[in-house]
Structures are given as structure tokens and as C-alpha cells.
Amino acid sequence: MDLGVRWKLHGDGKVPAPGAVVRPDERLSWPRTFGLGAQHVVAMFGASFVAPVLMGLDPNLAIMMSGVATAIFLLATRGRVPSYLGCSLSFVGVAAVIRAQGGTSATVTGAVLVVGAALFLVGLAVQRFGARIIHAAMPPIVTGAVVMLIGFNLAPVTASTYWPQDQWTALLVMLFTGLAVVCLRGFWSRIAIFLGLVFGYVLSWALDRIFGRIHSVDGSGKVTDHWRLDFSAVGQADWIGLPSFHGPSFEWSAILVALPVVIALVAENAGHVKAVGEMTGDPLDDKLGTAISADGVGSMLSTAVGGPPNTTYSENIGVMAATRVYSTAAYWAAACFALLFGVCPKFGAVVAAIPGGVLGGITVILYGMIGLLGAQIWINAGVDLRNPLNLVPAAAGIIIGVGNVSMEFTDNFSLSGIALGTLVVITGYHALRAFAPAHLKTQQPLLDEGTSSYDEAAGDGRDSRGGRDGGDGTGSGPQRAKS
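Since the model is a prediction, treat every value here as computed from it, not as a measurement.

> Help me understand the packing of helix 20 (residues 388-403) against helix 21 (residues 417-435), please; the structure alone is not making it clear to me.
The packing of two helices is summarised by the inter-axis angle and the distance between the axes. The N-to-C vectors of helix 20 and helix 21 enclose an angle of 165°; their axes lie 7 Å apart at closest approach. Judged by the angle between their axes, helix 20 and helix 21 are roughly antiparallel. Crossing handedness for the pair helix 20 and helix 21: right-handed. Touching L389, N390, V392, P393, A394, A396, G397, I400 and G401 of helix 20 are G417, I418, L420, G421, V424, V425, G428, Y429, L432 and R433, all from helix 21.

The structure is reproduced here in C-alpha cells:
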């Protein structure tokens, strides 16, 4: 059985010829391959180690399990789909809602484990019936609205938790990160979030030296005099040691909050597979279902031991586009580096020391980008919001999700925020469509027009309009906000 772990040496193993690409089944020399692997780890760090911190989970375990999930993904796709599976930011809002309801870390990971299982089943269904089953249930108006309410539901987390800890640091970090995202080019623009974090560390350290302690709320919500940057736990942490594990706990209220994120994960995986197929020139239509299932399995395994869920990372697509090296050997190297970081508690202590003001500046941009990805889905799919069939369910669902509207059914069961908003969008759209007059039921583009070729016998890497699809799950370019 070919597991995709054998690679041919590309040329002399040093530098690809002008215009040439290093294909997934090829590699450069091993020193260069490990160097590229390290670059992939750096690229995913910006978002991947922020996610567990925001979710209240162990960052060491998160990085370790991202390496394990990446290995599972590469084996499942037989080395044809180069990808790194990092921690998904789409669940940050879910974790915040669950914890606000009194849930623990076990409750969070239990709810997300169920989402991973659902994603696995969706992948099996795509393998069996084709991608059109996704598009039938989740047309662009539904997908865009759900992604938008997931992102914007996070706004209170920034406003009430992170920003008040150090408003001036948050403002400066926000400005620096925004400049980095817009003004930097190539690889550096891909790690703009990471650069913003580094800037925030340095700024917090400098402000502590200049102005001393700050009087504000700390991470626990108490108003105290405290250092912006506290590295005391770093000195006490060991260099080598296992991260902290815990088992999941399952509660229906938490599961219903988390389930809508399946929609975002399906869109991300579809976009990633399409983008890689376009860049490598290798049609990967037959691997879409496998990729979705593999992501589900990786997330299930991670959350089963107390880690966060995982998803494909567009940051690493940027690295491949810049280097033109698509070798899966580099991703195996990245997975090995992640495993090594996972058994270094001192690394986790450094991550956990991120000042609240720094997270405030980062999340203002990050959460907004997640929400606006929903608008990008609408734009690229040509969704007509003048059509009341599209406008009404999306408008109602977004307000419910962003405003955290709640519906109490019994004393022990209620739906609110993300879960209720998603339910309103999906059921509202399909119910209204059943009763709408014929002139409102105009044909809508698919969730990702490029994935229509997954159901065709011969795909030439073009979308249904004959144009190139950039592969972000919406028909746009390869860049997309990480969710």
C-alpha cells in the first residue's frame, strides 16, 4: 500500500530550476526539506498557538496534536494533498459561549469532539455521493451568514475581556498588525499575526520598564496592579515534559453551540483541496471527501485527549506559493517539529504569558476577518441580497448570532447565539424557499463553484464559468482568513 512516504529527489536537490515546481511526491535535500518544514511551523504559529490560548486550552498539547493530525492527514490522502492541520480559530467563539454558560475545558473539548465526528461523516458522504450534497444543504447565502455570525459573535470577548487589560497596548498592536497585513509582501504578510504578537511582547516589556505596573483588570477579571508581561511561570517550567491531558465531557447544550462550525470547516477543506490542485496541476477531486474525513479524525483524536480541533491552514498555502515547493516531505518535517515543541513546557509557558492587551489588539483584527469572510463568500458567489429569500433568513440569523439572542425551551434546555442563529439561517432559508414564488428561486452559484468539478468525470482545474478558482472555499484567491 502506497502511503505517500517515498519521495523522488528533485533535480540536484538544491534549487528548483526557473519555473519548475517541487511536486508533492518529490523533495529537495533533507537539510533543505527540514528547513522548509521549520518555515511551515513558523507560518502556522501566528494563528495556531493563539487559538488554544483563547479557548483556555494547553498550547503545548495543541501544538503536539497539530503534528499528529497533520501526519494522519498526509497518510489518509496518500501524500497527494500537502497540508498542515493547525488549531482552528472557528471554535474560539464556541469555547467562549460554553465557558460563559459554566462549561469547563472538558465540556469544550467534548462538544468539539462531536463536531469532529460530524465532519468525518460529512467526508464519508462526500466520498459516496459527491460534493453536491453539501451545496444542496448549504448554498452560499447560508454559508456566508453562518461564517459571519461565528466571527462577529466574538466581538464581546475582545471588548470585555482582552482590550480593558491594557487599552493603549491593544491599540498599538492593532495598528502594527494592520500595517503588517497590508504593507508586507510574500511570506512576511502570511505571518503578520505572529509579527503582531512579537511586537506586542516587546512593547509590553518596554512599557513595564518605563511606566512600571499597570492598574487594570487582569486575566481573571480582577482590578489589580500587575505587570503587563509576566514571565515568572516561564522560569519555573521544565524544558522537557508532557503536556496536560484531560478527557472530554458531553453536554447537549454545548454540542448544539459547537455544531454549526461544521459548515466553516467543510468550506475551508474544500477551498484548500481546490487551491492545492490548482497550484500543483494535479486534479484532487477524488481526495475532497478523504481530506474532510481526515480533518475530522485529527480533530477527534486531539479533543479526545484535551486538545483543540484542527483545520487546514491557508498560511501554509502561502508558503508553498512563495517557494513553489509542494513536497509533503516538508510537511512531515513540520509535523516532527510540532511534536518536539509539544514536549517543551517552557515553550507553552511563553505562549501562555501573552499579555491581555496584546490579545486585545490581535483579536480586533482576527475576529473581524473571520466575520467578513462570510461577506467574501457572498460576493464571490454573486449572492443577491435584494432577493428577500436571501435577505430575510440571513438578516435574522446574523442578528440572533451577533446579539446572542436566547430561546428557552425548558428550564434545562435553551438555544442562543451561534447555535440559534445558524438554525434560523438554515431552516429559515429552506422553509422560505419551499413557499417562495418561482421568480425568487433563481439558480444560485454553488458554495464553491470550483468544487462542481468534483462530480464530473473530467476536471481540468477550472470552475464552472471557465475561470480559475483560487480555492478559498468561495471561488476567490488562495488567501482567506483563518477560521
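> What should I look at first to understand unusual backbone geometry in this one?
Glycine aside, negative phi is the norm for most residues, and most peptide bonds take the trans geometry. Of note, R78 is a non-glycine position whose phi angle comes to about 55°, a positive value. In this structure, R78 sits in the loop between helix 3 (59-76) and strand 3 (85-87).

> Can you help me understand the pattern of salt bridges in this one?
Side chains that differ in charge, positive against negative, can pair when their charged atoms come close. Throughout the structure, instances matching the rule amount to four salt bridges. The partner of D166 in a salt bridge is R228, with the nearest N and O atoms 3.1 Å apart. Here D166 is found in the loop between helix 8 (155-162) and helix 9 (167-183), whereas its partner R228 is found in the loop between strand 5 (223-226) and helix 12 (232-236), with 62 residues between them in sequence. With respect to burial, D166 and R228 carry one shared label: buried. The partner of R386 in a salt bridge is D384, and the shortest N-O contact between them spans 3.0 Å.

> Looking at this structure, how should I read the environment of E251?
With respect to the element layout, E251 can be found in the loop between helix 12 and helix 13 (252-258). The sequence separation of E251 and V108 amounts to 143 residues, and the corresponding C-alpha distance is 9.2 Å.

> Hey, could you run me through the side chain of T107 in this one?
Residue placement: T107 occurs in helix 5 (residues 105-129). Of the residues examined, T107 reaches a relative accessible area of 3% and is grouped as buried.

> What am I meant to see in the confidence of the model for the protein chain here?
As a note on interpretation, predicted positions should not be read in detail where pLDDT is low. Overall, the predicted model of the protein chain reaches an average pLDDT of 78, with 83% of residues at or above 70. Per-residue pLDDT stays below 50 along residues 445-483; that stretch engages in 121 contacts with residues further than four places along the chain or on separate chains.

> How should the packing of aromatic side chains be read in this particular structure?
Each aromatic ring pair is summarised here by two numbers: the centre-to-centre distance and the angle between the ring planes. A full pass over the atoms with the stated rule returns four aromatic pairs. Between W7 and W30, the aromatic rings sit 6.0 Å apart at their centres with planes inclined by 85°, giving edge-to-face as the arrangement. Taken together, the residues span a long stretch of sequence, with W7 in the segment before strand 1 (8-9) and W30 in helix 1 (residues 30-48) at a distance of 23 residues. Between W30 and F34 the ring centres are 6.1 Å apart and the planes differ by 50°, which places this aromatic pair in the tilted class. Of the two residues, W30 and F34 are both situated in helix 1; the distance of four residues between them amounts to about one turn of the helix. On the basis of relative accessibility, which here comes to 38%, the residue F34 falls in the partly exposed class. Of the aromatic side chains, those joined through ring pairs into one cluster are W7, W30, F34 and F337. It is R209 that lies over the ring of W227; its NZ or CZ is 5.6 Å from the centre. Here the guanidinium or amino end of K346 rests over the ring plane of W239, the centre of that ring lying 5.1 Å away.

> What am I meant to see in the nonpolar core here?
Most often, soluble globular proteins have nonpolar side chains that are buried together. Counting 93 residues, the largest nonpolar core has L54, Y367 and W378 as the members making the most contacts within it. The dominant element in this core, judged by the number of residues it contributes, is helix 19 (residues 356-381), at nine residues. If near-sequence neighbours (up to four positions away) are discounted, W378 is found in contact with P140, I141, G144, A145, M148, V383, L385, A394 and I398. Membership of the second largest hydrophobic core comes to five residues, among which are V22, L28, L36 and A330.

> Explanation requested: the environment of A436 in the structure shown.
With respect to the helices and strands, A436 occurs in the segment after helix 21. C-alpha separation for the pair A436 and P388, spaced 48 residues apart in sequence, amounts to 9.4 Å.

> What is the right way to look at a nonpolar patch on the surface in this model?
On the surface, L385, L391, V392 and L432 cluster together into a nonpolar patch covering about 310 Å² of accessible area. Take L385: it is sitting in the loop between helix 19 and helix 20.

> Teacher, can you tell me more about helix 15 (residues 288-304) here?
Because an α-helix packs 3.6 residues into every turn, residues spaced three or four apart end up facing the same way. For helix 15, which comprises 17 residues, the first-to-last C-alpha distance of 24 Å matches the rise-based estimate of 24 Å (1.5 Å per residue) to within 8%. Here helix 15 lies mainly inside the structure; 13 of its 17 residues are buried. One or two steps after helix 15, the chain reaches G306, where phi turns positive at roughly 105°.

> Could you clarify how one ought to interpret the side chain of T328 in this entry?
Here T328 shows up in helix 17 (residues 328-342). Under the relative-accessibility criterion, T328 is labelled buried at 1%. Engagement of the side chain of T328 in a polar contact is seen with the backbone oxygen of P24, the distance being 3.1 Å. If we skip the residues at most four places from it in the chain, T328 touches G4, W7, P24, L74, G79 and P82.

> Would you explain the packing of helix 5 against helix 15 in this entry?
Where helix 5 meets helix 15, the axes come as close as 7 Å, and the angle between the chain directions of the two elements is 160°. Relative to helix 15, helix 5 is oriented roughly antiparallel. Crossing of helix 5 over helix 15 shows left-handed handedness. The segment helix 5 lies against helix 15, with T109, V112, L113, G116, A117, L119, F120, V122, G123, L124, V126 and Q127 engaging L288, G289, T290, I292, S293, D295, G296, V297, S299, M300, T303 and A304.

Reading guide: rules and limits
- Residues numbered from 1 in each chain as written.
- Predicted model: local features only at pLDDT ≥ 70, side-chain atom pairs only at ≥ 80, totals over all residues.
- Heavy atoms only, no water.
- Axes fitted to C-alpha atoms, helices over the stretch in contact; angles between N-to-C directions.
- Helix = DSSP H or I, 4+ residues; strand = E, 2+ residues; numbered from the N terminus.
- Parallel < 35°, antiparallel > 145°, perpendicular 65-115°, else oblique.
- Left-handed = near helix turned anticlockwise from the far one by under 90°.
- Contact = heavy atoms within 4.5 Å.
- Salt bridge = Lys/Arg side-chain N within 4 Å of Asp/Glu carboxyl O.
- Buried < 20%, exposed > 50% of the residue type's maximum accessible area, 1.4 Å probe, protein only.
- pLDDT = per-residue confidence, 0-100.
- Phe/Tyr/Trp six-rings, centres within 6.5 Å; stacked < 30°, edge-to-face > 60°.
- Lys NZ or Arg CZ within 6 Å of the ring centre and 35° of its normal.
- Core = buried A, V, L, I, M, F, W, Y, C linked by side-chain atoms within 4.5 Å.
- Patch = residues over 30% accessible without salt bridge, like charges linked within 9 Å, V, L, I, M, F, W, Y side chains within 5 Å.
- Areas by Shrake-Rupley, 256 points an atom, 1.4 Å probe, with all protein chains shown as cover.
- Expected span 1.5 Å × (residues − 1).
- Polar contact = N/O pair within 3.5 Å; in protein donor to acceptor, adjacent residues only side chain to side chain.

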